[in-house]
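Fold and contact review
Now for the letters of each chain:
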Amino acid sequence: MEKFISHTGAAAPMDRSNVDTDSIIPKQFLKRVERTGYGPFLFFDWRYTPDGGENPEFVLNKPGYREATILVAGPNFGSGSSREHAPWALQQFGFQAVISSTFADIFYNNCFENGLLPVQLPEEVVRQILDRIRPGYELTVDLEKQLVYDREGFEAYFEIDPFRKHCLLNGLDSIGLTMQHENDIAAFEERAGLEPVAS
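This is a predicted model, so every value here is computed, not measured.

Reading the values: the criteria
- Residues numbered from 1 in each chain as written.
- Predicted model: local features only at pLDDT ≥ 70, side-chain atom pairs only at ≥ 80, totals over all residues.
- Heavy atoms only, no water.
- Core = buried A, V, L, I, M, F, W, Y, C linked by side-chain atoms within 4.5 Å.
- Buried < 20%, exposed > 50% of the residue type's maximum accessible area, 1.4 Å probe, protein only.
- Contact = heavy atoms within 4.5 Å.
- Helix = DSSP H or I, 4+ residues; strand = E, 2+ residues; numbered from the N terminus.
- Axes fitted to C-alpha atoms, helices over the stretch in contact; angles between N-to-C directions.
- Parallel < 35°, antiparallel > 145°, perpendicular 65-115°, else oblique.
- Left-handed = near helix turned anticlockwise from the far one by under 90°.
- Polar contact = N/O pair within 3.5 Å; in protein donor to acceptor, adjacent residues only side chain to side chain.
- Lys, Arg positive; Asp, Glu negative; His and termini not counted.
- Salt bridge = Lys/Arg side-chain N within 4 Å of Asp/Glu carboxyl O.

Describing the nonpolar core
In terms of nonpolar packing, the biggest core is built from 57 residues, with Phe43, Phe77, Leu90, Ile99 and Leu117 touching the most fellow members. With near-sequence residues (within four places) excluded, Ile99 lies in contact with Ile70, Leu71, Val72, Ala73, Val119, Leu121, Val126, Ile129, Leu139, Val141 and Val148.

Okay, here's the thing in structure tokens:
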């Protein structure tokens, strides 16, 4: 997993409440066995018309938002079924952080496990950001300082669990955390007469 320390990029607004995981990555794309290649299917039912063309009204199809790397969303983002594919699709489209006032718990946890930073801010602060966004508008999300800010004087502090922050700053998922104890594991295996586990 890549480290997340600070990121500056174009922001895209998704001013909708209760965006669920089936909207983020529809169920017909969950049959894929690969863990990659989900970016083209992100928000599929909104991005494309029934005949397969781009929906010109959808925000991520508009000039100035196509290359966005920070998504600013309404409350209760990521609700619905447990779907690790949702953060995969967001990341593989190009997003590195999602800002909302509230996230569904499972989606929130899955983001951290996959290196996508979910930033939770008060609803009125998210509204301030949404009101500022226009094509080409950039935000910085600084995990070390726990700040979201722009070049125009806006700044907001966000809370984050210290352990989750440590993991993101150091690029550690569950496997990476376990492998930090590789020497202790090898010593235990030797004492117990076990065959070493290949790393």
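Here the narrative resumes, following the displayed structure.
Notes on unusual backbone geometry
Backbone geometry at Asn76 places phi at a positive 60°, although glycine is not the residue there. Of note, the phi angle at Gln146 is positive, near 60°, even though the residue is not glycine. Its place among the elements puts Gln146 in the loop between strand S5 (138-142) and strand S6 (147-149). The class for Gln146 is buried, based on a relative accessible area of 10%.

Topic: the packing of helix H3 (residues 85-93) against helix H4 (residues 105-113)
Close contact between H3 and H4 brings their axes to 8 Å; oriented N to C, the two are set at 55°. Classified by the interaxial angle, the pair formed by H3 and H4 is oblique. Crossing of H3 against H4: the hand is right-handed. Only Phe107, Asn110 and Cys111 of H4 make contact with H3, whose side of the interface consists of Ala86, Pro87 and Leu90.

With respect to the environment of Tyr157
Along the polypeptide, Tyr157 turns up in strand S7 (residues 155-157). Along the sequence, Tyr157 and Gln120 sit 37 residues apart, while their C-alpha atoms lie 9.6 Å from each other. Ignoring anything within four residues of it in the chain, the contact list for Tyr157 reads Leu121, Lys145, Gln146 and Leu147. Here the side chain of Tyr157 touches Gln146 through a polar contact of 3.0 Å, side chain to side chain.

Considering the side chain of Arg47
Within the secondary structure, Arg47 is located in helix H2 (residues 44-47). It is Glu54 that comes nearest to the buried, bridge-free Arg47 among opposite-charge side chains, at 5.8 Å. In contact with Arg47, other than residues within four places in its own chain, are Gly39, Pro40, Phe41, Leu42, Gly53, Glu54, Asn55, Phe58, Asn61 and Phe93.

Examining the pattern of salt bridges
One side chain can pair with another of opposite charge once the charged atoms of both are near each other. Under the counting rule described, the total for this entry stands at eight salt bridges. Residues Arg66 and Glu54 are paired through a salt bridge, measuring 2.6 Å at the closest nitrogen-oxygen approach. Taken as a pair, Arg66 in the loop between H2 and strand S2 (70-73) and Glu54 in the loop between H2 and S2 lie far apart in primary sequence, twelve residues in all. We classify Arg66 as partly exposed; its relative accessible area is 37%. The class of Glu54 is partly exposed, set by a relative accessible area of 40%. A salt bridge links Asp150 to Arg132, with the nearest nitrogen and oxygen atoms 3.0 Å apart. Highlighted residues: Asp150 in the loop between S6 and S7 and Arg132 in helix H5 (residues 123-132), separated in sequence by 18 residues. Residue class for Asp150 comes out buried when judged on its relative accessible area of 8%. Using a relative accessible area of 27% as the deciding quantity, one classes Arg132 as partly exposed.

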